[in-house]
Structure formats: C-alpha cells, structure tokens
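# A look at the structure
Chain residues, written in single-letter form:
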Amino acid sequence: MIIRDVEFRGSAVEFSQYPTDNLPEILLSGRSNVGKSSFINSLLNRKNLAHTSSRPGKTQTLNFFLINNEFYFVDVPGYGYARVSKTEREKFGGIIENYFINRTNLKLVILLVDFRHEPSADDVIMYDYLKSYDIPCLVVATKSDKVSKNQHPKHLKVIKRALNIVEGDLFVPYSSETKHNIDVIYDILEQVI
Ligand code: GTP
Ligand code: MG
C-alpha cells in the first residue's frame, strides 16, 4: 500500500456528523493510551496528524482521516480511562456501540493491545464483542519495541491465550516506533478495502 494522500475530514460524535460518501472505514479500538493515534500516524507516515499524548484520554471524539480518497481511518477515544466520568463513558460507549452495529461501511476494527502486558478484562470483552457480531477484526499488539527480542515468544503466547486467538484470526505484533511488521498490516488493509 502506498499512502499518497491523507486528509483530516473532521471530528464527529453523532451519526449525522459522520462522512456521507460511503467509503470503507477502518476503526481503531483499544484502551486509553495503548497507542491508537500513534498507530495511525506511523501507518500514514505523519508526525502528529492524529494527536497523541502520554496522558490517557487525549482523543475525545471520532476523528475521520481520509486516505488516498479511498478509505477512512477512524480514531476514537480509548476505553478504560478512569478519569473520564461514568456518564461520559456510558455516553461514549453507546456511540461506539451504535457505530459498530449500524455502520455498514465499517470494514475492519483494529483492536490494539499492549504487547508488554496481558490483555485487560476490557480488551477481552471488546474482542469477544466484535467476534460475536462478526465484525472483521485485526488484533495489533503494539509497543513491541519495549520488549526485548528474546521475550517476544512469551508475550505472543500470553496475548493469544488471554484473547483466545485461534487459527484464522488476524494477529500482528507491531511497534509505531520501529514500524516492525508494517508491510503485514498494509497487506491486510489492502485486502479489506
Ligand atoms: P487515547 O487517545 O488517550 O485513547 O490514547 P491513544 O491510544 O491514542 O495513545 P497515543 O497514540 O496517544 O499514545 C500514548 C503514548 O504511548 C504516547 O506517549 C506514545 O508516544 C506512546 N506510544 C504509542 N505507540 C508506541 C510504540 O509503538 N512504541 C513506543 N515506545 N511508544 C508508543
Ligand atoms: Mg488517541
């Protein structure tokens, strides 16, 4: 995949504000601070197009990035961020759920988990949820640069077991810093759009 053109097409909360051009959409999901916005920037080769921060809760709305006039990346707020109020969380949970169920041009959810740690209960719930609705899903275990190479097999095993990743599921370790495995991810994107 060659990224020729990237355009920020706006932030949205409600369905009525989403793009209406009916292009394929790929949504980033994962807990707050796992690296969703960094993942988008690294894939698109842009510094801070999707805003990142070391403080969780940076992304607050659905943000639509149009790639090559062909498809969208949708950057969303992460889950499991305690400092967001319960009402806020529930409101946003509802918006995302509505998106998952009703957005027919959703082609793929990329679920980001942290390569360093066993997936959280929320990660497991999210992956089970996506599978139960038959939503195509790619699990990316990011921040792999923070784990020494000889520990990689162990971490892969822990993540696979916790999420119950089976033959045929899409699962790729990745680093937004080193872009290790970026070609594998580009190939998967090409296949779904
Ligand atoms: P929210 O918008 O709050 O949900 O967070 P997010 O999931 O978008 O995370 P973000 O991309 O803002 O990254 C959080 C922090 O992790 C930042 O300090 C990033 O620089 C760092 N980070 C993200 N990906 C990687 C990676 O692959 N390797 C390393 N070393 N750091 C990373
Ligand atoms: Mg973000």
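First, a word on scope: everything that follows refers to the structure included in this document. (Residues numbered from 1 in each chain as written. Chains lettered and ligands numbered in written order. Predicted model: local features only at pLDDT ≥ 70, side-chain atom pairs only at ≥ 80, totals over all residues. Heavy atoms only, no water.)

## Focus on the environment of aspartate 134
Position of aspartate 134 among the secondary structure elements: in the loop between helix H3 (121-132) and strand E6 (137-142). A residue is classified by how much of its surface remains accessible, and aspartate 134, at 69% relative accessible area, is exposed. Sequence spacing of aspartate 134 and phenylalanine 71 is 63 residues, and the spatial spacing of their C-alpha atoms is 21 Å. (Helix = DSSP H or I, 4+ residues; strand = E, 2+ residues; numbered from the N terminus. Buried < 20%, exposed > 50% of the residue type's maximum accessible area, 1.4 Å probe, protein only.)

## Points about the pattern of salt bridges
As enumerated under the stated definition, the model contains five salt bridges in all. With its nearest N and O atoms 2.7 Å apart, the salt bridge here joins arginine 103 to glutamate 25. Here the residue arginine 103 occupies a position in the loop between helix H2 (86-102) and strand E5 (106-114), and glutamate 25 occupies one in strand E2 (residues 25-30), the gap between them amounting to 78 residues. Accessibility assignment for this pair places arginine 103 and glutamate 25 in one class, buried. When the shortest N-O distance is used, the salt bridge between lysine 131 and aspartate 169 registers 2.8 Å. Taken together, the residues lysine 131 in helix H3 and aspartate 169 in the loop between helix H4 (152-163) and strand E7 (170-173) connect sequence positions 38 residues apart. Assessed through its relative accessible area of 34%, lysine 131 is described here as partly exposed. If you follow the salt bridges from partner to partner, you end up with Arg31, Asp114 and Arg116 in one network. (Salt bridge = Lys/Arg side-chain N within 4 Å of Asp/Glu carboxyl O.)

## Points about the nonpolar core
Membership of the largest hydrophobic core comes to 32 residues, with the highest contact counts inside it found for Leu27, Leu62, Tyr99, Phe100 and Leu130. At the level of elements, strand E3 (62-67), strand E4 (71-75), H2, E5, H3, E6 and H4 are the ones that each hand at least two residues to this core. (Core = buried A, V, L, I, M, F, W, Y, C linked by side-chain atoms within 4.5 Å.)

## Observations regarding the layout of surface pockets
Quantified by volume, the second largest pocket comes out at close to 570 Å³. The wall of the second largest pocket is formed by 29 residues, among which Gly35, Ser38, Thr52, Ser53 and Lys143 lie closest to the centre. If one sorts the elements of the lining of the second largest pocket by residue count, helix H1 (residues 36-44) sits on top with five residues. (1 Å grid on protein atoms, 1.4 Å probe; cavity = no way out; pocket = protein on both sides within 12 Å on 5 of 7 lines; lining within 4 Å. Points joined across faces, edges and corners; volume = space filled by probe spheres on them.)

## A short note on unusual backbone geometry
One non-glycine residue with positive phi stands out, namely asparagine 45, at about 65°. Along the chain, the position of asparagine 45 falls in the loop between H1 and E3. Of the residues examined, asparagine 45 reaches a relative accessible area of 59% and is grouped as exposed.

## Points about the site of ligand 1
The environment of ligand 1 is formed by 23 residues, the closest being Lys36, Ser38, Gly57, Thr59 and Ser176. In the model, an oxygen atom of ligand 1 is placed 3.5 Å from a nitrogen or oxygen of the threonine 142 side chain. Backbone polar atom of serine 176 to an oxygen atom of ligand 1: 2.7 Å apart, as the coordinates give it. Computed on the free molecule, ligand 1 has an accessible area of 660 Å², of which 88% lies beneath the protein chains in the complex. If you map ligand 1 onto the pockets, it falls in the second largest pocket. Ranked by the residues each element gives to the shell around ligand 1, the list is headed by H1, at three residues. The class makeup of the residues in the shell around ligand 1 is two nonpolar, 14 polar and seven charged. (Near = heavy atom within 4 Å. Polar contact = N/O pair within 3.5 Å; in protein donor to acceptor, adjacent residues only side chain to side chain. Areas by Shrake-Rupley, 256 points an atom, 1.4 Å probe, with all protein chains shown as cover. Sits in = over half its atoms within 2 Å of the grid points. Nonpolar A, V, L, I, M, F, W, Y, C, P; charged D, E, K, R; others polar.)

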